[in-house]
Amino acid sequence: MRMKNRALGALALVALAAAACGEKTPPVVEAPMPPPAMDEPAPAPVVRERVEEPVPLPPPEPVAADDVGSRSLDDLNRNSPLAPVYFEYDSTDLNAAAQLAVRGNADVLRRYPTWTVTIEGHCDERGTAEYNLALGERRAAAARRYLESLGVAPDRLRIVSYGKEFPFDPGHDESAWQQNRRAHFVITSR
Amino acid sequence: MTQTPMHVAVAALTLVVAGGLVAGRQPVAAPPPAAAQVPASQAPPASQRQPSEVELSISGDPGTPPRFAVPEFVALTPDAAEVAKVVSAVLWDDLNFEREFYLIPRDTYTTVPQARAPGQIPYNAWRELGADGVVFGTVSKTGNDVRVEVRLFNVRSRQSVFAREYGGSASNPRVYAHTISDEIHQHQRALRGVARTKLTFSSDRNREKVGGTVQDRDVKEVYIADYDGANQRRITVNRTLNITPVWSPDGRAIAYTSYRKGVPDILVAYIYEGRSENPTAGRGSNFLPAWSPDGKRMAFMSSRDGNPEIYVMNADGSGVRRLTNHPAGDVTPTWSPSGTEIAFTSDRAGRAQVFVVSADGLGTPRRISIGEQYADRATWSSGPNNEIAFAAQTGPGYDIKIYDVSTGQTRQITFGEGSNESPAFSPSGRHLAFTSTRAGRAQIFTVARDGRDVRQITRDGNNFTPSWSQ
């Protein structure tokens, strides 16, 4: 992985990102020692450093401006502040729009740090029922991985694949299929 | 010896082999599924078996199957008429299903006078209808007890070649016909018929909704049915998603993917004991169970290590071993008849394709779906034909194709009538069940392995992912 090969650069980047973003705990990065070069002078020793920063907890939003915190779970999920993440046909890749949606959801989850979420993986009807169970699993996992990389704690996220069992749009055309290829976020506790 | 609970209903029947009538060159042993029901003491002692010159196997004209007639059984007591009607009609269907015999259509029998006793059988009239064999049966009823006696006569020689007598409850008359059919197939053709086998599948027919979700989501429960679609009944009450059921090889249990605990996991329902087990015990998400042919192991798909892979465990959940290791998705395992190989679906080559790997996971999986855009749900025939059926994308939908393992050839058996998915072989490998949208909603159908004789099994709600019992 690039990060291992360019450990020092990555370290610097992480530190920068942490400083710029200032809202999350950056992961502790441990750089492996590069193997000693045979014919060259010894490189400068690698400096190991723990990068730590206190996590600022943003205050809850004012109630008047935002009633999200006071709605029931069903109400919350019916009109969810967490956006669905859509996928291309037979794909588990997060494209630019999908990444934007996940980042938005990460912001919401940072604002409500007690919420736990189930990420459902869904597929359109064009694949077979069995294969879609795996495809849905990988879509939900892709969304979870990205959320985790944005600093959302893994124990707040559960994934479940529904394959093509629960379509959001019962239609049989591309606009329906587009709706049904998604990672769908359900708030399960708060 | 454990008795197969699938045949518990049948076990209530007592089977009496009419000594002397069944004799000669063919073994009179009952077929494997029935063997457990026949106490050794009821089999005729060897001394009673007479050496005979009777040709017990009825043959037809050269190059054509024997032509059989199954006229309505004779009701010996007035209240046996309904049972007699059902048994003879179902027997006709059962014998017709395997295509080993040509069954003369029942509506042509009106020209033949009904015999009340074997001595009255109008052989000349049956001969004019072209019959090589004719079944003669009687039914009597006392309270809820039924006695069914059946003989098969060679129309040319006018000799009885097969005779059986059954006794039991009148609650399900169809089971007498199924038993007779299986025994005639065994006796005449040394063939293990499927008349007493069952199907299991997933259905949303009870139109319940999953609780606790904002979206409108249909409950799916696991159902079973006779091979011909009769006696459909629900066997799970989980009120959530219950899918991909499969029969255990001994017919005692059905393993399936259940969302009962929120996350998909494998449950095993011992459907005749009212208990359920959970061998995967919630370790990650677990889907698509597949029993090994000896019932001792189970293959399944799991994401417990982060990505959908194929695993094998002992049936009790111990000894879990990972079979695949690839960043693509590996899904839908099925065992070879010997239990030494597993076919599965993977999109490691781009789109979903079928691969085969040894059951110990050693070696590189070899791809067997060649030239397909997309192939899934391989199912390996357990019968004498070494074949793997799968669903292949052929247009907007799917069709069933069959790969012959020994020749490497693939043939297609459905042709674009709706989308056809999830094939499952019958125990003899001569038929398949599958899901099709050809009749509108998703329904279970059966079809012969040459693509003929498509029959609709379900009609209520949507029905998916069949499995055929052994």
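Quick caveat, the model's predicted, so the values are computed rather than measured.

Participant: Explanation requested: helix α4 (residues 96-111) of chain A in the structure shown.
Facilitator: Two residues of an α-helix separated by three or four positions point the same way, owing to the 3.6 residues in each turn. Residue and element names in this part refer to chain A. Helix length check: α4 (16 residues) gives 23 Å between terminal C-alpha atoms against 22 Å at 1.5 Å per residue, within 8%. Along α4, the positions that sit buried rather than exposed are Ala98, Ala101, Val102, Asn105, Ala106, Val108, Leu109 and Arg110. Elements that come into contact with the buried residues of α4 comprise β1 (85-86), β2 (116-122), α5 (129-149), β3 (157-163) and β4 (182-189).

Participant: What am I meant to see in the interface of chain B and chain A here?
Facilitator: Accessible area lost upon the coming together of the parts serves often as the stated size of an interface. Facing 39 residues of chain B, the contacting portion of chain A comprises 27 residues. Both faces considered, chain B and chain A share a buried interface measuring about 2700 Å² in area, 55% of it formed by carbon and sulfur atoms. At the junction of chain B and chain A, the tally comes to 6 salt bridges. Here B:Glu421 and A:Lys164 are joined by a salt bridge, their closest N and O atoms 3.0 Å apart. Of all the secondary structure elements, the ones that give two or more residues to the side of chain B that touches chain A are β11 (242-247), β15 (286-291), β19 (330-335), β23 (375-380), β24 (387-393) and β27 (420-425) of chain B. When grouped by side-chain class, the residues that make up the side of chain B that touches chain A number 18 nonpolar, 12 polar and 9 charged.

Participant: Hey, could you run me through empty space enclosed by the protein in this one?
Facilitator: Think of a ball as big as a water molecule: rolled over the atoms, this probe shows where empty space is left. Scanning all chains against the criterion turns up 3 cavities of 30 Å³ or more. Reported here for the largest cavity is a volume of approximately 60 Å³. As for the largest cavity, its lining consists of A:Tyr89, A:Asp90, A:Cys123, A:Asp124, A:Gly127, A:Tyr131, A:Asn132, A:Leu135, A:Arg139, A:Arg181 and B:Tyr374. The residue makeup of the lining of the largest cavity, split by class, is 5 nonpolar, 2 polar and 4 charged.

Participant: I would appreciate a short explanation of the side chain of A:Asn180 in the present structure.
Facilitator: Residue and element names in this part refer to chain A. Residue placement: Asn180 occurs in helix α6 (residues 174-180). With a relative accessible area of 2%, Asn180 lands in the buried category. In this structure the side chain of Asn180 is engaged in a polar contact, spanning 2.8 Å, whose partner is the backbone nitrogen of Asp169.

Reading the values: the criteria
- Residues numbered from 1 in each chain as written.
- Chains lettered and ligands numbered in written order.
- Predicted model: local features only at pLDDT ≥ 70, side-chain atom pairs only at ≥ 80, totals over all residues.
- Heavy atoms only, no water.
- Helix = DSSP H or I, 4+ residues; strand = E, 2+ residues; numbered from the N terminus.
- Expected span 1.5 Å × (residues − 1).
- Buried < 20%, exposed > 50% of the residue type's maximum accessible area, 1.4 Å probe, protein only.
- Contact = heavy atoms within 4.5 Å.
- Buried area = accessible area lost by both parts, 1.4 Å probe.
- Salt bridge = Lys/Arg side-chain N within 4 Å of Asp/Glu carboxyl O.
- Nonpolar A, V, L, I, M, F, W, Y, C, P; charged D, E, K, R; others polar.
- 1 Å grid on protein atoms, 1.4 Å probe; cavity = no way out; pocket = protein on both sides within 12 Å on 5 of 7 lines; lining within 4 Å.
- Points joined across faces, edges and corners; volume = space filled by probe spheres on them.
- Polar contact = N/O pair within 3.5 Å; in protein donor to acceptor, adjacent residues only side chain to side chain.

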